[in-house]
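A look at the structure
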Amino acid sequence: MKELTISSDAPGERLFVLGNEAIARGAIEAGVQVAAAYPGTPSSEILETLASVAKELDMYVEWSTNEKVAFEVALAASICGIRAMASMKHVGVNVAHDPLMTASYIGAKGGLVLLSADDPWAWSSQNEQDSRYIAEQGYIPVLEPSSVQEAKDMMADAFKLSEQFRHLFMVRSVTRIGHARSDIVLGEISKERRKGQFTKDRTWLVYTPREARINKPLMLERFEEIKKAANTLPYNQLKLADGAKLGIIACGLSYSYTLEAVKWLGIEDRVSILKIGTPHPLPEELVIRLLNSVKEILVVEELDPFVELHVKAIAGEANIPVRIHGKDLVPRIGELSTGKVTQAIAQLTKSKPPVDFAELDRLVQETAPLLPWRPPALCAGCPHRASFYAIKTASKRVARDYGKDIEPVYPGDIGCYALAYNPPLEAVDTTVCMGGSFGIANGLAHVINAPIVAHLGDSTFFHAGIPPLINAVYNKANITMVILDNSATAMTGFQPHPGTGYTAMGEETVQLKPEDIARACGVKFVEVVDPLDLKKATEAIEKAIRFDGPAVIVSRRLCTMIEQREKRKRKEKVIPYYIDQDKCSPKCNACIELLGCPAIIKQGVKTIIDSSLCTGCGVCAQVCPYKAIIEEKA
Amino acid sequence: MIKEFNMLITGVGGQGVILMSELLGKAAVADNLRVRGSEILGMAVRGGSVTSAIRIGDEVYGPLIPLGKCDILIGMEPSEALRNITYLSKSSLVIFNTAVTIPFTVSIGKSEYPSLEEVLEKLGKVSGRIIQLDAAQIAQAAGSLLTTNIVMLGALFGTEQLPIKIATIKEFIQARFPAKVAPVNIKAFDLGYEVCRQAVE
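Once a new chain begins, its residue numbering starts again from 1 and follows that chain's sequence as written. Each chain gets a letter, beginning with A, and each ligand a number, beginning with 1, in the order they are written. Confidence filtering applies because this is a predicted model: local features only for residues at pLDDT of at least 70, side-chain atom pairs given and counted only at 80 or more, and all residues used for totals across whole chains, interfaces and linings.

With that settled, consider the overall build of chain A. For the purposes of this entry, the term helix denotes a DSSP run of H or I that reaches at least four residues, the term strand denotes a run of E that reaches at least two, and both are numbered from the N terminus. What chain A contains, in helices and strands, is 23 helices and 21 strands. With C-alpha atoms as the basis for the radius of gyration, the globule rule is written as 2.2 Å multiplied by the number of residues raised to the power 0.38. Relative to the 2.2 N^0.38 estimate, which gives 26 Å for 634 residues, the radius of gyration of chain A is 27 Å and therefore close to what a compact globule would have. With the C-alpha coordinates aligned to their principal axes, the bounding extent of chain A is approximately 80 × 65 × 60 Å. Here exposure depends only on C-beta density: within 10 Å of a residue's C-beta, 20 or more other C-beta atoms make it buried, 12 or fewer make it exposed, and intermediate numbers make it partly exposed, the C-beta atoms being placed from the backbone. A buried classification covers 53% of the 634 residues belonging to chain A. Residues are defined as contacting one another if the C-beta atoms placed from their backbone atoms lie within 7 Å. By sequence separation, contacts in chain A at least 24 residues apart represent 78% of the contacts at least 6 residues apart.

So, on to the domain arrangement of chain A. Split by domain assignment, chain A resolves into domain 1 (14–229), domain 2 (237–368), domain 3 (383–567) and domain 4 (573–631). A domain assignment, automatic or from a database, supplies the domain bounds used here. Using only C-alpha atoms to locate each centre, domain 2 of chain A and domain 4 of chain A end up separated by 55 Å.

Residues and elements named next belong to chain A. Note: two strands are recorded as paired if DSSP finds a minimum of 2 bridges between them. Reading across from one edge, β3-β2-β4-β5-β7-β6 is the order of the six strands in this open sheet, with parallel pairing throughout. Single-partner strands in this sheet number two, and they are β3 (60–63) and β6 (142–143). Strand direction decides the pairing type here: strand β2 (residues 34–37) and β3, joined by four bridges, are parallel. Bridge pairing in β3 places Val34 opposite Tyr60.

Residues and elements named next belong to chain B. Burial within strand β3 (residues 49–56) is extensive, with eight of its eight residues counted as buried. Alternating residues of β3 divide into Ser49, Thr51, Ala53 and Arg55 and Val50, Ser52, Ile54 and Ile56, and every residue in both groups is buried. Where strand β1 (residues 5–12) and β3 come together, eight bridges link them in antiparallel fashion. Paired with Leu8 across the two strands is Ala53, which belongs to β3. With five bridges connecting them, strand β2 (residues 35–39) and β3 associate as antiparallel partners. Counterpart to Gly37 in the pairing with β3 is Ile54.

Let us look at the environment of Val355 of chain A. Considering the arrangement of structural elements, one finds Val355 of chain A in the loop between α14 (338–349) and α15 (357–367). Considering only alpha carbons, one finds Val355 of chain A and Gly339 of chain A, 16 residues apart in sequence, at a separation of 9.0 Å. Excluding residues within four positions of it along the chain, Val355 of chain A makes contact with Leu360 of chain A together with Leu67 and Gly68 of chain B.

Right, let's get into the interface of chain B and chain A. Contact residues are listed per partner, giving 52 residues for chain B and 47 residues for chain A. Those elements that place two or more of their residues in the side of chain B that touches chain A are α1 (17–30), β2, α2 (78–83), α3 (104–107), α4 (116–126) and α7 (166–176) of chain B. By residue number, the principal contributor to the side of chain B that touches chain A is β2 of chain B, which donates five residues. Its residues assigned to classes, the side of chain B that touches chain A shows 24 nonpolar, 16 polar and twelve charged. In this classification, the charged set is Asp, Glu, Lys and Arg, the nonpolar set is Ala, Val, Leu, Ile, Met, Phe, Trp, Tyr, Cys and Pro, and all remaining amino acids, among them Gly, are polar.

The next point concerns helix α18 (residues 458–474) of chain A. Residue and element names in this part refer to chain A. For a residue, the bend is simply the angle between two axes, fitted respectively to the seven-residue segment ending there and the seven-residue segment starting there. Maximal helix bending in α18 amounts to about 70 degrees, located at Gly465; proline Pro467 follows within four positions. The set of residues buried in α18 consists of Asp458, Ser459, Thr460, Phe461, Phe462, His463, Ala464, Gly465, Pro468, Leu469 and Ala472. Check the buried side of α18 and you find it contacts α17 (436–445), β14 (453–457), β15 (480–485) and α19 (514–520). Looking one or two places after α18, you find Lys476, whose phi comes out positive at around 55 degrees.

Looking now at the sheet that holds strand β16 (residues 525–529) of chain A. All names here are of chain A. Pairing is parallel across the open sheet formed by four strands, whose spatial order is β14-β15-β17-β16. The outermost strands of the open sheet, each flanked by one partner alone, are β14 and β16. Direction aside, the axes of adjacent strands within the sheet are offset by 20 degrees on average. Pairing of β14 with β15, which is carried by five bridges, proceeds in the parallel orientation. Counterpart to Ala454 in the pairing with β15 is Met481. Only C-alpha atoms enter the line fits that serve as axes; for helices the fit covers just the stretch in contact. Angles between N-to-C directions range over 0 to 180 degrees. Running at roughly 165 degrees to β15, helix α16 (residues 383–402) makes contact with β14, β15 and β17 (551–556) of the sheet. Across the face of the sheet, α18 comes into contact with β14 and β15 while running at roughly 145 degrees to β14.

Within the largest apolar cluster, 253 residues are counted, with the highest numbers of intra-cluster contacts made by Ala35, Ala74 and Ile249 of chain A. Residues contacting Ile249 of chain A, with those up to four places away along its chain left out, are Leu274, Ile276, Leu290, Ile297, Val299, Val300, Val307 and Val311 of chain A. Linking buried Ala, Val, Leu, Ile, Met, Phe, Trp, Tyr and Cys residues through C-beta atoms within 7 Å yields a set, and such a set is a nonpolar core.

Residues and elements named next belong to chain A. Of note, Asn471 is situated in helix α18. For Asn471, a count of 17 C-beta atoms within 10 Å gives the class partly exposed. Placed 33 residues apart in sequence, Asn471 and Phe438 show a C-alpha to C-alpha distance of 9.2 Å.

Before going further, it helps to spend a moment on unusual backbone geometry. All names here are of chain A. Of the consecutive residues Thr41 and Pro42, the connecting peptide bond is found in the cis state with omega at 5 degrees. Across the junction of Pro423 and Pro424, the peptide omega takes the value 5 degrees, indicating a cis bond. The backbone of Asp58 sits at a positive phi, close to 55 degrees, despite the residue not being glycine. For Asp58, the position within the fold is in the loop between α2 (44–57) and β3. In this structure, Tyr139 is a non-glycine residue whose phi angle is positive, near 55 degrees. Residue position: Tyr139 is located in the loop between α6 (132–137) and β6. Residue class for Tyr139 comes out buried when judged on the 21 C-beta atoms lying within 10 Å of it.

Take a look at the structure:
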């Protein structure tokens with residue numbers, strides 16, 4: 001069986017791919033030469049895919065320390081005439097926001113594309129912000145695909161459009177594009193490889209007030225050109241139905257749901273549909289043609305009423321008396337679906353819904369009490385579990401000295417360890433953004449009287465943890481900062497980072513140590529512990545909390561998923577633990593209540609260890625008051 | 001021409017749900033079918049609930065199955081099949097693995113796991129046909145508990161409703177695993193297929 005791959009130059013052939021692979025393929029077809037990113041769901045697989053073929057296709061691909069750097073790397077390549085991209089999740093765009101707002105003044109020489117992966121319903125995120133507003137703020141045109149195929153096509157075209165209009169373009173994906181699967185038809189791969197050339201041009205590239213004032217009008221001119229072109233781009237399509245009273249404007253993925261909804265309702269011939277692939281800027285002429293042809297409009301888009309507001313502005317400006325619906329009927333929260341769009345259209349057209357949605361709601365309510373709560377959890381053997389046990393034990397000891405009712409506070413961060421907010425660990429008190437744990441701890445130190453123990457992972461530390469660490473030293477914040485160093489960007493799929501010693505393209509590089517950085521930043525208390533040695537780890541953390549001034553603990557142990565994988569490679573056996581039922585007290589439950597390890601389960605009154613899940617970390621054996629948990633004989 | 005054929009695979013992170021949809025999708029494309037689908041990765045895995053939709057046909061556009069329009073729901077685990085009950089209708093078929101995966105919230109007393117009778121009763125009210133099998137046991141009979149997902153894939157084909165050829169899916173299973181374990185997986189597929197085919201009859 002001859003299998004096609006993502007780098008096969010086989011135009012016209014069909015390949016079954018993940019949406020993010022399709023996006024990478026689009027960039028490959030455009031001949032992208034530089035790609036940079038910081039991992040974040042739902043965007044990570046884009047750069048992973050590019051990295052896997054970088055050498056073969058003569059591209060430079062890197063995992064940058066954060067999204068700001070990633071975007072700047074791509075911008076630099078574009079300035080030198082090379083096709084370049086940066087990909088990131090929606091909240092990553094916030095990190096890149098600063099260069100982004102001036103990059104639009106610069107525009108682009110080599111095609112420059114920013115891929116923002118939005119996450120409606122915040123499946124893997126701290127919020128469900130709509131990145132189209134950021135694009136609007138920076139006069140950055142947005143391409144929004146309706147399908148995986150279109151995501152690939154748009155990505156390939158985005159580089160060409162960027163060069164044609166000398167402007168930066170954004171492609172906005174969402175979870176159900178990036179993590180959708182579909183067959184796609186491959187296009188031709190551009191073999192062009194350019195040489196980077198930096199031309200000194202102060203007026204174009206050095207932004208003092210003078211250049212801002214010179215370049216803003218030029219940027220606005222470029223944007224006007226793009227606005228005109230939006231009317232003829234193939235991603236915007238107007239299909240007028242004879243005598244239609246209702247017009248639907250469907251943006252991005254919502255177009256796919258809309259096609260299914262009108263078919264489901266059997267009203268394909270009675271509604272006019274404007275497919276929007278460029279929410280910013282909108283194809284004004286097409287919008288006006290639709291507005292003039294119907295009595296009512298329904299704008300269908302995920303998250304905020306971005307297109308809706310602009311359509312209302314166009315209608316107002318052109319003085320067209322048409323009723324415009326949008327977020328009054330289509331939810332503003334969460335993902336859309338064929339069902340939700342069908343309900344909105346049915347309400348507006350007074351059609352009979354194809355299924356009884358009220359009945360389905362009843363069914364959900366009826367079933368809910370029967371369903372067990374299955375939140376994601378730290379893996380069996382995860383070293384974070386041990387770190388949290390040590391953090392909690394140590395901080396509670398110290399808290400007693402602060403006063404009777406004083407509770408320690410645990411500012412947390414973005415990564416697997418956020419899962420420790422669930423019972424029984426409940427060791428996360430705040431999660432806001434990358435690096436936010438140390439930042440919040442800085443502020444708390446000046447307003448409350450309690451032990452403050454903040455934690456973040458190694459990759460997050462390199463991404464956004466160093467400035468707040470320096471801030472703690474500079475502003476004398478008496479906090480403990482724990483770096484949960486599992487040598488992995490585990491939550492997003494084990495991408496390498498500055499602490500791992502190798503790059504995205506698999507090359508060896510220097511391995512940075514968080515403890516060296518902390519010491520260099522002036523932290524006077526820095527200790528490295530192995531969390532699996534609970535006693536020593538707890539003692540070190542207690543000392544750190546009692547230390548007067550900012551203290552750093554590096555809790556270092558390889559991510560158990562990587563360790564298990566390496567053990568399998570080395571053909572090393574995992575030696576699980578078991579519970580000696582003669583010693584175990586069935587009423588005790590200490591191991592379960594203190595650790596919440598998925599491998600420790602109740603079987604009736606008995607507590608047992610599922611040996612297929614146990615990794616042999618031995619943490620439970622250390623907390624068992626009856627010494628009933630024992631390592632199996634090898 | 002297939003207009004719309006919807007399959008929803010439900011389970012728990014680590015049960016191989018994503019691999020099943022990859023195999024189904026690749027095989028469908030090889031058989032010249034149009035495929036759409038989507039899944040939830042990232043925060044939702046790590047032992048949490050996982051669903052993956054695979055949709056085949058020329059009138060399929062979106063990545064998600066509309067409520068009530070699932071043709072076959074595959075439950076890698078009883079409670080996860082139940083969790084997705086709103087995708088079912090009278091014409092749907094449910095195939096689920098009776099081997100349970102108890103979440104840790106049950107161990108710490110924060111939630112309860114339903115009995116098999118309760119699961120069956122609820123599903124039975126909505127869906128016309130339910131096939132249950134102990135896929136874990138069958139997988140062990142095939143040679144490895146790790147083949148549970150392939151047993152369920154076999155069972156899915158055992159319904160004899162799929163527009164994908166059996167030879168095609170087997171070809172992809174064969175290619176997906178190292179030569180040493182491929183035969184065990186093919187055996188798991190065959191056993192699952194047979195159990196389901198008999199149940200359908």
